Each structure stands twice: as structure tokens, then as C-alpha cells.
Amino acid sequence: MEYTPPPKPQLSSRANAFSIAALMSSGSSKDKEAAESTIKPLEQFVEKSSCAQPLSDLSGLEPHGDFSGSPSALCTEPLIPTTPIIPSEEMAKISCSLETKELWDKFHELGTEMIITKSGRRMFPTIRVSFSGVDPEAKYIVLMDIVPVDNKRYRYAYHRSSWLVAGKADPPLPARLYVHPDSPFTGEQLLKQMVSFEKVKLTNNELDQHGHIILNSMHKYQPRVHIIKKKDHTASLLNLKSEEFRTFIFPETVFTAVTAYQNQL
């Protein structure tokens, strides 16, 4: 009697998804997708970003700047252009100083690391700034965002106590602006008080609905502070490119996002 092998068991669709062939094919497409959408270096961001779309009325924002309901929450490029723009004569007079600079310098020397969590973690050190050269009669909106320094992913080498490049950056995450909850400030207020971003929270949760700034772990980032002169005739920022604004960057605030501190110091 001729032997006939039993029919091959058919994998369920769920089981098939975990088969070696399926894993290999899905992995290669992911790699390809990651390569195509790699974050561009900071200096190469173009001003023609798809994110230069109108922002919602700032007066209607949650105190911590919740953008979860707006289209810009899906944007993966900075909502404010990174290419330097020539400020108006009035805005050019404004200067911004980083407070607690000595503390930032100490961290920078060691290589600052910022903890990110699913629920969101406050930054330490905190970014605190003071302004001068503003018009006491005018109103200003103060914002912060955090942009990638480069298109690389890093790893910490314990035997060398240093960060090393580990490959290309992960796909970019939604870009968000943190509008300071006390905005708009009068120029007079800005001349008298310090502006603290102590309520900013960092997360690695891509589906965050609380307006926290979303970052990739093991990537390097640069916080940026922006000041926008509020126009009297409009309550909202209709288009960031048409607004008068200045951007301030403090190189000593560059940090690596981590889920646990790597450097024991």
C-alpha cells in the first residue's frame, strides 16, 4: 500500500505572521521605511516644511500646550523653521539668556542625559531663560521645541564611559511645540521675570494625548526657545512664517534621551 504523507497543517493568519518568512519580509520593509524617513541633520531642515500649516488658536490651548487634537500633532518636522531667518530690526534687539548656566555647563561636560518615560518626565536641569530688549508695551508668546541634533542613534560604551554612534536614527516622531502656559506675556513682564519651562514633560509614547514632547531614546536633541511678537488684530498664530519671531539655541543644553541614566556620574 502506497504511503501518502499527511497534508501539511495550514498556519492560521496570526501564526503565519510569526513565521520566519513573514518576519524576514516585514523586517526588510521596516528597514527600508526607516532608511527613507531618517531624520535629516539639524542644519538641513528645509523651511518648506509640511508643518508650516496654520496653528490652532493659542488661547484655546491646554495649559501644557496640548496639540493632540490638531493636525500638527502628526507632523514629524519642526513646526518652526530651523533655517535662520533675518529678524526685523525690532526683534533683532531682543536677547535671551540661559539661567542656571553653571549647572548646565557641569551636565554638558559629562554629557547630559534626559529621562523619558511613557507617562512623561520633567526635564532636569530645567530650562529657564530671561529676556531683554523687548518692547514693554507689546505682547509676546514664548514657546519651546526640541529638535534632533543629527540623524544618528547612539549607544553608551561603559568600558570607555562615552557615547558612540550606533547607526542611523529611528524614524522621526511627531513634532510638537510647547507653548508656555503664561503666554502671552507683556514686554514689561518679560523684563521683570524669568521664564521657566519646568512643566515641560518628555515622553517616548508615540500615541501621547497630553501634549508632551515625544522623543526617541538614545538620540541627541537640542532644545530651542522661541519668542513671537503677538499681533493685536489676531488671537491666533495664523502662520508661523508670517509672524515676527526669534529663535534662541544654547549649545550647552544638548542632551541624549534615555529611559535610564547610562553615565554613572
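Please read these numbers as outputs of a predicted model, since none were measured by experiment.

To continue, consider the confidence of the model for the protein chain. Detailed reading of predicted coordinates is not advised where the pLDDT is low. With 65% of its residues at a pLDDT of at least 70, the protein chain reaches an overall mean of 76. Low pLDDT (under 50) marks residues 11–73, which in the prediction has 91 contacts with non-local residues, meaning those over four places away or in another chain.

This part takes up the environment of Val147. Checked against the element boundaries, Val147 lands in strand S5 (residues 139–148). Val147 gets classed as buried once you look at its relative accessible area, which sits at 2%. C-alpha of Val147 to C-alpha of Lys220: the two residues are 73 residues apart in sequence and 8.7 Å apart in space.

With that settled, the discussion passes to the side chain of Thr126. Relative to the helices and strands, Thr126 is located in the loop between strand S3 (121–122) and strand S4 (128–132). Exposure remark for Thr126: the relative accessible area of 12% places this residue in the buried category. For Thr126, the side chain forms a polar contact with the main-chain oxygen of Met123, separated by 3.5 Å.

Within the secondary structure, Thr253 is located in the loop between strand S14 (245–249) and strand S15 (255–258). A polar contact is formed between the side chain of Thr253 and the backbone oxygen of Phe250, at a distance of 2.6 Å. Setting aside residues no more than four positions away along its own chain, Thr253 makes contact with Leu98, Trp104, Ile127, Tyr221, Gln222 and Pro223.

This next bit is on the sheet that holds strand S10 (residues 195–196). The sheet built from three strands is open, its strands ordered S1-S4-S10 with antiparallel pairing. Looking at strand neighbours, the two that pair on one side only are strand S1 (95–98) and S10, the edges of this open sheet. Pairing geometry for S4 and S10, over two bridges, is antiparallel. The partner of Arg128 across the bridge, within S10, is Ser196.

Let us look at the packing of aromatic side chains. Summed over the entire model, instances satisfying the criterion amount to six aromatic pairs. Summarising the aromatic geometry, the rings of Tyr156 and Trp163 are spaced 5.3 Å apart at their centres and angled 70° between planes, so their arrangement reads as edge-to-face. This pair shows no difference in class: Tyr156 is buried, exactly as Trp163 is. For the ring pair Tyr221 and Phe255, a centre distance of 6.1 Å and an interplane angle of 35° mean the geometry is tilted. Taken together, the positions of Tyr221 in strand S13 (residues 220–230) and Phe255 in strand S15 put the pair 34 residues apart, joining distant regions of the chain.

A word on the pattern of salt bridges. Taken as a whole, this structure holds seven salt bridges when the rule is applied. Across the pair Lys101 and Glu252 runs a salt bridge, and its minimum N-O distance is 3.4 Å. With Lys101 in helix H4 (residues 101–110) and Glu252 in the loop between S14 and S15, this residue pair connects regions lying 151 residues apart in the sequence. Residue classification places Glu252 among the buried residues on the basis of a relative accessible area of 11%. Put simply, Arg176 and Asp208 hold a salt bridge, and the shortest N to O gap is 2.6 Å. A residue pair is termed long-range when its members are at least 10 positions apart, and Arg176 in the loop between strand S7 (162–168) and strand S8 (178–179) and Asp208 in the loop between strand S11 (201–203) and strand S12 (213–214) qualify at 32 residues. For the pair shown, Arg176 and Asp208 are each scored as buried. Sharing partners across several salt bridges, the network here consists of Lys101, Asp105 and Glu252.

Reading the values: the criteria
- Residues numbered from 1 in each chain as written.
- Predicted model: local features only at pLDDT ≥ 70, side-chain atom pairs only at ≥ 80, totals over all residues.
- Heavy atoms only, no water.
- pLDDT = per-residue confidence, 0-100.
- Contact = heavy atoms within 4.5 Å.
- Helix = DSSP H or I, 4+ residues; strand = E, 2+ residues; numbered from the N terminus.
- Buried < 20%, exposed > 50% of the residue type's maximum accessible area, 1.4 Å probe, protein only.
- Polar contact = N/O pair within 3.5 Å; in protein donor to acceptor, adjacent residues only side chain to side chain.
- Pairing = 2+ DSSP bridges.
- Phe/Tyr/Trp six-rings, centres within 6.5 Å; stacked < 30°, edge-to-face > 60°.
- Salt bridge = Lys/Arg side-chain N within 4 Å of Asp/Glu carboxyl O.

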